[in-house]
Amino acid sequence: MTGFQTILGERSFLAGARWRGERVWVTDCYAYEVVSALEDGSDQRVEATVEGQPSGLGFLPDGRLLVVSMLDNRILRKEADGTLVTHADLNGLAAGEINDMAVDAQGRCWVGCFGFDLTNGAQYAPAPLIRVGTDGTATVVAEGLAFPNGAICDGETLVVAETFASRIAAFDVTSDGSLVNRRLWAKFGEEPDGDGLTRLRAADVAADGLTERDEERAIWVADPTHRRALRVAEGGEVLDEVVVDGLGVYAVALGGVDGRTLFLTVSPNQLKHERAHTRDSMLISRRVDVPLASSSLQPAGRPRATPTSKARRLALGPHIVESRFDER
């Protein structure tokens with residue numbers, strides 16, 4: 001396996017990693033920007049400025065950008081002329097700030113929210129999940145989730161991280177966009193008790209951002225509390241692990257021109273009062289063995305990467321990155 005590459009550096013707090021149109025896209029939440037770059041970090045562009053603090057990203061079938069505006073609970077849409085317009089207003093449906101989202105191939109958004117005022121220390125409460133139709137109409141489609149966060153949806157199944165419960169949930173998506181058959185996609189431990197930050201710190205896996213599935217149907221899961229990304233199979237088996245010493249992993253995306261590049265947004269923490277005036281967040285990448293499921297370049301029958309006790313430590317500025325994979 002090759003080492004890590006810094007794609008974007010000196011940012012405030014990067015999140016919302018996506019691979020689209022041969023570019024990697026992220027939000028810099030506290031610099032209020034949506035940024036994209038080529039796989040190697042070249043041709044960096046500011047795609048949008050979102051004063052309401054950007055978070056989750058997605059794209060309509062025609063390629064227009066959708067971005068969460070957290071502080072005013074809106075989803076914004078970037079038009080062909082570059083202007084940002086309101087795609088959906090989720091005030092009255094969201095509890096606390098909206099956060100990450102998935103956008104499926106039909107253009108429907110599946111949006112999570114905090115559930116309570118985490119920023120100002122309110123008591124923990126579970127949160128709803130909101131569906132936004134292609135016409136911008138919004139409906140609560142599930143309730144009682146423990147901080148619904150990173151999500152993916154293939155139009156038939158929605159998978160969503162419950163950060164404060166150490167688990168990932170799954171739902172079947174019906175023809176009318178309802179969610180049914182809620183179940184555990186992965187359970188990493190018991191749901192912690194306490195307030196929001198206590199739960200976050202106590203979770204065995206504080207599942208945050210998710211990648212789309214790879215060729216073996218596994219998903220990479222960001223776990224900022226334990227400063228790592230995990231490759232997880234349905235049922236909860238951990239297949240691989242990448243650890244970043246000193247930096248939490250908040251979002252992940254699988255992509256690259258051959259589908260074998262894992263992008264990770266990393267930061268010392270997520271606290272706005274610390275990150276807004278610092279530039280310690282980065283987007284890094286490394287090569288992996290199992291590509292994005294849509295990749296046509298994956299050799300048929302290639303075996304799955306298997307965890308090994310052998311670990312390599314790779315220099316990354318002042319930090320150390322540890323990854324556990326077979327040597328290839």
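Residues numbered from 1 in each chain as written. Predicted model: local features only at pLDDT ≥ 70, side-chain atom pairs only at ≥ 80, totals over all residues. Heavy atoms only, no water.

Undergrad: What should I look at first to understand the pattern of salt bridges in this one?
TA: Proximity of charged atoms lets side chains of opposite charge pair with each other. A complete count under the given rule lists 24 salt bridges for this structure. The salt bridge partner of Asp-43 is Arg-23, with a shortest N-O separation of 2.9 Å. Taken together, the positions of Asp-43 in the loop between strand E4 (33–37) and strand E5 (45–49) and Arg-23 in strand E3 (residues 23–28) put the pair 20 residues apart, joining distant regions of the chain. The exposure class of Asp-43 is partly exposed, given its relative accessible area of 37%. Using a relative accessible area of 6% as the deciding quantity, one classes Arg-23 as buried. Here Arg-287 ties to Asp-258 by a salt bridge, and the two come within 2.6 Å at their closest N and O atoms. Linking Arg-287 in strand E23 (residues 281–287) with Asp-258 in the loop between strand E21 (248–255) and strand E22 (261–267), this pair joins segments that are 29 residues apart in sequence. (Salt bridge = Lys/Arg side-chain N within 4 Å of Asp/Glu carboxyl O. Helix = DSSP H or I, 4+ residues; strand = E, 2+ residues; numbered from the N terminus. Buried < 20%, exposed > 50% of the residue type's maximum accessible area, 1.4 Å probe, protein only.)

Undergrad: Looking at this structure, I do not really get the environment of Cys-153. What am I missing?
TA: Position of Cys-153 among the secondary structure elements: in strand E14 (residues 148–153). Put simply, Cys-153 and Ala-105 are 48 residues apart on the chain and 8.4 Å apart in space, counted from C-alpha to C-alpha. In this structure, Cys-153 is in contact with Ala-102, Asp-104, Trp-110, Leu-158 and Val-173, ignoring residues within four places of it in sequence. (Contact = heavy atoms within 4.5 Å.)

Undergrad: What am I meant to see in the pairing of strand E6 (residues 54–59) here?
TA: For E6, a buried count of six out of six residues is recorded, marking the element as mostly surrounded by other parts of the structure. With four bridges joining them, E6 and strand E7 (residues 65–69) adopt antiparallel strand pairing. Note on E7: the bridge partner recorded for Gly-58 is Leu-66. Turn length for the E6-E7 hairpin, with the two strands adjacent in sequence and antiparallel, is five residues, and the turn residue Gly-63 shows positive phi of about 95°. (Pairing = 2+ DSSP bridges.)

Undergrad: Is there a simple way to think about the sheet that holds E7 in this case?
TA: Across a sheet, paired strands are connected by hydrogen bonds in the backbone, their directions being either parallel or antiparallel. The sheet built from four strands is open, its strands ordered E6-E7-E8-E9 with antiparallel pairing. Looking along the sheet, the strands with just one partner apiece sit at the ends: E6 and strand E9 (84–89). Pairwise comparison of adjacent strand axes, ignoring direction, gives a mean angle of 30° for this sheet. Across four bridges, the pairing between E7 and strand E8 (residues 74–78) is antiparallel. Within E8, the residue paired with Val-67 across the bridge is Leu-76. (Axes fitted to C-alpha atoms, helices over the stretch in contact; angles between N-to-C directions.)

Undergrad: I keep staring at the pairing of E23 and nothing clicks. Help me out?
TA: Sheet faces and side chains relate simply in a regular strand, where the side chains alternate between the two faces. The element E23 is extensively covered by neighbouring structure, given that six of its seven residues are classed as buried. Here strand E1 (residues 5–11) runs beside E23; their pairing, made up of four bridges, is antiparallel. Across the sheet, Arg-11 pairs through a bridge with Ser-281, a residue of E23. Strand direction decides the pairing type here: E22 and E23, joined by six bridges, are antiparallel. Residue Thr-261 lies in a different strand from E23, and its bridge partner there is Arg-287.

Undergrad: Quick question: what am I supposed to make of the confidence of the model for the protein here?
TA: The predicted structure's coordinates, where accompanied by low pLDDT, should not be read in detail. Per-chain confidence: the protein averages 88 in pLDDT, with 89% of residues scoring 70 or above. The low-confidence segment residues 295–328, where pLDDT is below 50, has 97 contacts with residues more than four positions distant or belonging to other chains. (pLDDT = per-residue confidence, 0-100.)

Undergrad: Please clarify how the packing of aromatic side chains should be interpreted in this entry.
TA: Aromatic ring pairs are reported here in terms of the distance separating the ring centres and the angle at which the planes meet. Evaluation of the coordinates by the stated rule reveals nine aromatic pairs. Ring centres of Tyr-124 and Phe-164 lie 6.2 Å apart, and the angle between their planes is 50°; this geometry places the pair in the tilted category. Separated by 40 residues along the polypeptide, Tyr-124 in the loop between strand E11 (109–113) and strand E12 (127–132) and Phe-164 in the loop between strand E15 (157–162) and strand E16 (167–173) bring together distant segments of the chain. Take Tyr-124 and Phe-164: they sit in the same class, and that class is buried. Grouped by ring-pair contacts, the aromatic residues Phe-114, Phe-116, Tyr-124, Phe-147 and Phe-164 constitute a single cluster. (Phe/Tyr/Trp six-rings, centres within 6.5 Å; stacked < 30°, edge-to-face > 60°.)

Undergrad: How should the nonpolar core be read in this particular structure?
TA: One broad rule of soluble globular proteins: the nonpolar side chains tend to lie buried together. Residues Ile-75, Leu-90, Ile-98, Met-101, Cys-109, Val-111 and Val-132 are the most contacted members of the largest nonpolar core, which totals 27 residues. Looking at this core, the elements that each hand over two or more residues are E7, strand E10 (98–103), E11 and E12. If sequence neighbours within four positions are ignored, Val-111 has contacts with Ile-75, Leu-90, Ile-98, Asp-100, Met-101, Pro-128, Leu-129, Ile-130 and Val-132. If you look at the next biggest cluster of nonpolar residues, it comprises 17 residues, including Phe-4, Ala-229, Leu-254 and Leu-292. (Core = buried A, V, L, I, M, F, W, Y, C linked by side-chain atoms within 4.5 Å.)

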